[in-house]
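# Overview (structure and organization)
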Amino acid sequence: MRLSRITDRIADQKWLDRVNSRIHRVVTRVLPEGSVKDALHGVWLGHPVHPAMVQLPVGCFLSAAVLDVTTPGSRAARVLVGTGVASALPAAVSGWADWSDAHEEQQRTGTVHALLNTAGLACYLVSFVARRDRSGRTGAVSGGAGMLFLLAGATLGGELSFRQALGPNHAEDAAHRGPNDWCDLGPLDDFSEGRPEVRDAGNVKVVVLRSGSDVVVLHDACSHLSAPLHEGDVAEVAGQRCLVCPWHGSTFRLSDGEVVRGPATAPQPRLISRVRAGRVEARARTYAGVPAS
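What counts as what
Counting starts from 1 at the beginning of each chain's written sequence and moves along it residue by residue. It should be noted that, the model being predicted, local features are given only for residues of pLDDT at least 70 and side-chain atom pairs only at 80 or more, the latter also being counted only at that level, while totals for whole chains, interfaces and linings use all residues. In computing side-chain values, all of the structure's heavy atoms are included and hydrogens and water are not. The helix count covers DSSP runs of H or I at least four residues long, the strand count covers runs of E at least two residues long, and both are numbered beginning at the N terminus. For the exposure calls, accessible area comes from a 1.4 Å probe over protein chains only, and a residue counts as buried if that area is under 20% of its type's maximum, exposed if over 50%, partly exposed in between. Here, residues are in contact when the closest pair of their heavy atoms is within 4.5 Å. What pLDDT expresses is the predictor's confidence in each residue, scored from 0 to 100. For two strands to pair, DSSP has to find at least two bridges joining them. Whenever a helix is involved, its axis is fitted only over the stretch in contact; in every case the axis is a line through C-alpha atoms, and angles between N-to-C directions fall within 0 to 180 degrees. In this analysis, rings of Phe, Tyr and Trp, with Trp reduced to its six-membered ring, are considered paired at centre separations within 6.5 Å, and the interplanar angle assigns stacked below 30 degrees, edge-to-face beyond 60, and tilted for intermediate values. Only buried Ala, Val, Leu, Ile, Met, Phe, Trp, Tyr and Cys residues count toward a nonpolar core, and they belong to the same one when joined by side-chain atoms within 4.5 Å.

## Regarding the side chain of Gln-164
Mapped onto the fold, Gln-164 is located in the loop between α8 (136-163) and β1 (183-187). Relative accessible area serves as the criterion here: at 14%, Gln-164 is assigned to the buried category. Setting aside residues up to four positions removed in sequence, Gln-164 forms contacts with Ala-11, Glu-105, Gln-106, Thr-109 and Glu-159.

The structure is reproduced here in structure tokens:
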């Protein structure tokens, strides 16, 4: 059986939704929308911070396993296990922040991912305590069990990141899909003042916002999880006009598409636009990797 079939079955387990609804209430109470949660998402970094944070505990645990094989009973192995346990906690918090803004299938997989990692962490806690009295064998065995749980959890983490696409920039290819030439979006008078409206620009959908005789054109699929931004609202945040995603509240600055509030971490691609002879036209900002003129 292919591994993907197993992970697909996990994502299809609807009974997990009852569990997840309770977990979600707790997570959103502990991590409300705001600057702390944005930092945990990685808005400041420009991409999710969770994958980077897990490198420290995993590296510590793997290094401890090498010492258990080469120098059993090593004090350094206990230091590494303790460091791994301590660093696993903030990594887990960042993961729960991302999980809280995921869709149902992602949350189901994410819950099992978290359970496996929690089991692995528990094994390493036992390992850390056992190593206090230089009980190298017990510490090594419990550490080995923990590594197996973490490997299983990491497999589901890869499923979440790459197959279920929780974290990647869903608008990364927007500029490369065009339109490469000026595309007519319709008469300026057809666009309502301050209300997002969707239009077809070649083979992509864009959201158009009019302010007097000026227009802003963004790609319509949100960079977080491809939500239709034209269904969102325009809001003023810190004195600047922004577009708020209708699904998870990602907030993008209209002047340049930059993220003001998460969970999105990548900016929303903005097209070059102009009003010519009373009609709105737009084109992609790049053509074959070269900035448009």
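Back to the text.
## Focus on the environment of Ala-86
Looking at the secondary structure, you find Ala-86 in helix α6 (residues 75-99). Residue classification places Ala-86 among the partly exposed residues on the basis of a relative accessible area of 47%.

## Observations regarding the confidence of the model for the protein chain
Residues of the protein chain with pLDDT of at least 70 account for 96%, and the chain-wide mean is 92. Across the protein chain, the secondary-structure element scoring lowest on mean pLDDT is strand β12 (residues 290-291), at 44, and the one scoring highest is helix α2 (residues 16-30), at 97. Predicted confidence for residues 287-293 stays below pLDDT 50, and this span has 10 contacts to residues more than four positions away or in other chains.

## Notes on the sheet that holds β1
On the basis of which strands lie adjacent, the open sheet formed by 6 strands has the order β1-β10-β9-β4-β3-β2 and antiparallel pairing. Across the chains shown, the open sheet's two edge strands, defined by having one partner strand only, are β1 and β2 (197-201). Sheet twist, expressed as the average angle between the axes of neighbouring strands with direction ignored, equals 30°. As paired elements, β1 and strand β10 (residues 279-283) share 4 bridges and run antiparallel to each other.

## A look at the packing of aromatic side chains
Both the distance between ring centres and the angle between the ring planes are used here to describe each pair of aromatic rings. If you walk through the whole model with that rule in mind, you get 2 aromatic pairs. Taking the centre distance of 3.8 Å and the plane angle of 10° together, the rings of Phe-61 and Tyr-124 count as stacked. With Phe-61 in helix α5 (residues 55-70) and Tyr-124 in helix α7 (residues 104-130), this residue pair connects regions lying 63 residues apart in the sequence. On the numbers, 5.2 Å between centres and 80° between planes, the contact of Trp-96 with Trp-99 is edge-to-face. With a gap of 3 residues between them, Trp-96 and Trp-99 both fall in helix α6, about one helical turn apart. On the accessibility criterion, Trp-96 (27% relative accessible area) is partly exposed.

## Overview of the nonpolar core
Formed by 14 residues in total, the largest nonpolar core has its most connected members in Val-207, Leu-218, Cys-222, Leu-229, Leu-243, Phe-252 and Leu-254. At the level of secondary structure, the elements contributing two or more residues to this core comprise β3 (204-211) and β4 (214-219). Not counting residues within four places of it along the chain, the set of residues in contact with Leu-254 comprises Leu-209, Val-216, Leu-218, Arg-241, Cys-242, Leu-243 and Arg-270. With 13 residues, the next largest nonpolar core counts Leu-185, Ala-201, Val-204 and Val-280 among its residues.

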